[in-house]
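Now for the letters of each chain:
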Protein chains: 2
Amino acid sequence: MKPLILITNDDTVHAKGLTVLVDAVREFGDIVVMSSDVNGSGMSHAITSAVPLRTRTVHEEEGLWIYSCNGTPVDCFDLGAGYFCPRRPNLVLSGINNGSNASVNVVYSGTMGAVIEASMKGFDAIGFSLLNYDLEADFSLCVPIVKNIVADVLENGLPQGTSLNVNIPDMPYEQIKGIRVCRQSQAFWADSHEKRIDPIGRPYWWLTGEFICDDRQPGSDIHALDNGYVSVVPTHFDYTDYNNIKDMQKRFNQ
Amino acid sequence: MKPLILITNDDTVHAKGLTVLVDAVREFGDIVVMSSDVNGSGMSHAITSAVPLRTRTVHEEEGLWIYSCNGTPVDCFDLGAGYFCPRRPNLVLSGINNGSNASVNVVYSGTMGAVIEASMKGFDAIGFSLLNYDLEADFSLCVPIVKNIVADVLENGLPQGTSLNVNIPDMPYEQIKGIRVCRQSQAFWADSHEKRIDPIGRPYWWLTGEFICDDRQPGSDIHALDNGYVSVVPTHFDYTDYNNIKDMQKRFNQ
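A. Focus on the sheet that holds strand β2 (residues 30-36) of chain B. Residues and elements named next belong to chain B. Pairing in this open sheet of 9 strands is mixed, and the strands run β3-β4-β2-β1-β5-β6-β7-β13-β8 from one edge to the other. Looking at the sheet topology across the chains shown, the edges are occupied by β3 (55-61) and β8 (178-181). For this sheet, the mean inter-axis angle between neighbouring strands, taken without regard to orientation, is 20°. Packing against the sheet, helix α1 (residues 16-25) makes contact with β1 (4-8), β2, β4 (64-69), β5 (91-98) and β6 (125-130), and its axis sits at approximately 140° to β5. Packed on one face of the sheet, helix α2 (residues 73-84) meets β1, β2, β3, β4 and β5 and runs near 140° to β2.

The following block contains the structure:
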């Protein structure tokens, strides 16, 4: 039986990056897409509990089934894997995201939220992002990179609990120098909100921010991307800071 | 000048656990609360970008300022620290959450989303959760534990980038055996959604799930809690799976 690939994203079912991803991997197997009708950028690992989820059939043909729902990217994975796949998926993909999920952006990312959820539930999963925020970005440069990594993971799998966060620099494919497996650069977003005044004189705040990254050493994802490489960060969901356990035990154990 | 403590949570500004936390730490300094009007349980590290944020003054007196907004827990921290604190907070607290954020629940937790955001931006931050999901739970047993840990962190600080995920077992305070600094247990939530049929015959899905945890070894947070200890997991935001970087480099670097 053909491999089954479940695909989601955080830019809605209408996103160009999703279409390019689906087209790129159709040759590898049957495809189920579960995406959202609402933008899930910045939704991280959020799950919907206050309201029920509804689904919609967007497209059905042999080997390609596309559905959407009103959930977050994590909800999309859960519903897709739980109810809309004809068999257990061999691989879960998310993207191609419109913008970077490198460095600490992974923490906020809906694209990677879905990937990490899949990984928590025992699936091999990969998130793809292109470093271009233009809705009309040319995602086609990602296609050979996607095919390359997907073929490897379908054949060889991933370690239990490890997923891949793949970021692709925005440059012509021929200029990309290669692929580098990296660690996540440390960074943060400064000045998170801009204060404005509405037409009746009341304040409101809108999300903004400046990406501050001093961690551009070799081995980091930002260094790889700055130098024209695709970055691949093996990602897990153990938030324990093992380096500080012993010191904290001395202070707090009682 | 007195220490300033910024407090948020994910159970809304009306939550009992928030009130208990505020009362528990007032003796340590001035308090600013920024919480949400809408429940942020399960919002993880989500940030609001599609709509502007509005704020509301709930209560103001010397040494205690309480505000609310329409944002996620992470938004609450960002707005609170950025616009509503009279000076830089010495400590950021979140909770007391109505239910467990131990093990992989940290990944979904709005309570811990705010804590991790604060930590990413260089603040000492602690999340508190009580293992009781009843809205009328007796949070008072948490008070001496909160005071103990807050006093230590105000005096000694935390390592850069490390926050604390504190979970408290639901039992009379006298029966709690102590505090254990732990690692996060590995686990997952199975059967994520329940399918139902609405009154006009159409399907909908509602979040549910069963917590599956086979990782109850000594040293894990679930083991500590099972045995009547408060668990404290030092938590960071580097998702890199360092154990698998070398193997992945052999496979993917090119």
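B. Region of the structure containing the layout of surface pockets. Approximately 1400 Å³ is the volume found for the largest pocket. Around the largest pocket, the lining is made up of 49 residues, and of these A:Ser41, A:Gly42, A:Met43, B:Ile47 and B:Ser49 lie nearest the centre. Broken down by secondary-structure element, the contributors of at least two residues to the lining of the largest pocket are β5 (91-98) and α3 (105-108) of chain A. Taken together, the residues that form the lining of the largest pocket break down as 15 nonpolar, 29 polar and 5 charged. Lining the second largest pocket are 26 residues, with A:Ile47, B:Ser41, B:Gly42, B:Tyr133 and B:Leu207 sitting closest to its centre. Breaking the lining of the second largest pocket down by element, the ones donating at least two residues are β5 and α3 (105-108) of chain B. Among the residues making up the lining of the second largest pocket, the classes are represented as 6 nonpolar, 15 polar and 5 charged.

C. Fine view of the environment of A:Val38. Residues and elements named next belong to chain A. Within the element layout of this structure, Val38 appears in the loop between β2 (30-36) and β3 (55-61). With relative accessibility at 44%, the residue Val38 sits in the partly exposed group. Taking the C-alpha atoms as reference points, Val38 and Asp11, separated by 27 residues in sequence, lie 7.7 Å from one another. For Val38, the residues in contact, after removing those within four places along its chain, are Thr12, Asn70 and Gly71.

D. How the structure looks around the packing of aromatic side chains. Applying the stated criterion to the full structure yields 13 aromatic pairs over all chains. Ring centres 6.3 Å apart and planes at 75° place the aromatic pair A:Tyr204 and A:Trp206 in the edge-to-face group. We classify A:Trp206 as partly exposed; its relative accessible area is 29%. Here the aromatic residues A:Tyr67, A:Tyr83, A:Phe84 and B:Trp205 are joined through ring pairs into a cluster of three or more.

E. Broad picture of the interface of chain B and chain A. Facing the 79 residues of chain B at the interface are 79 residues of chain A. Counting the surface lost from both chain B and chain A, the interface buries some 7100 Å², and carbon and sulfur atoms represent 58% of this. For the chain B face of the interface with chain A, the top three residues by lost area are B:Trp205, B:Tyr239 and B:Phe252, together amounting to 12%. The tally of links from chain B across to chain A stands at 4 salt bridges. Ionic pairing is found between B:Asp152 and A:Arg251, a salt bridge with its closest N-O pair at 2.6 Å. Taken together, the connections running from chain B to chain A amount to 52 residue pairs in polar contact (both at pLDDT 80 or more). Looking at the side of chain B that touches chain A residue by residue, the classes come out as 40 nonpolar, 23 polar and 16 charged.

What counts, and at which threshold
Residues numbered from 1 in each chain as written. Chains lettered and ligands numbered in written order. Predicted model: local features only at pLDDT ≥ 70, side-chain atom pairs only at ≥ 80, totals over all residues. Heavy atoms only, no water. Pairing = 2+ DSSP bridges. Helix = DSSP H or I, 4+ residues; strand = E, 2+ residues; numbered from the N terminus. Axes fitted to C-alpha atoms, helices over the stretch in contact; angles between N-to-C directions. Contact = heavy atoms within 4.5 Å. 1 Å grid on protein atoms, 1.4 Å probe; cavity = no way out; pocket = protein on both sides within 12 Å on 5 of 7 lines; lining within 4 Å. Points joined across faces, edges and corners; volume = space filled by probe spheres on them. Nonpolar A, V, L, I, M, F, W, Y, C, P; charged D, E, K, R; others polar. Buried < 20%, exposed > 50% of the residue type's maximum accessible area, 1.4 Å probe, protein only. Phe/Tyr/Trp six-rings, centres within 6.5 Å; stacked < 30°, edge-to-face > 60°. Buried area = accessible area lost by both parts, 1.4 Å probe. Salt bridge = Lys/Arg side-chain N within 4 Å of Asp/Glu carboxyl O. Polar contact = N/O pair within 3.5 Å; in protein donor to acceptor, adjacent residues only side chain to side chain.

Keep in mind that these numbers describe shape and distance, not what the molecule does.
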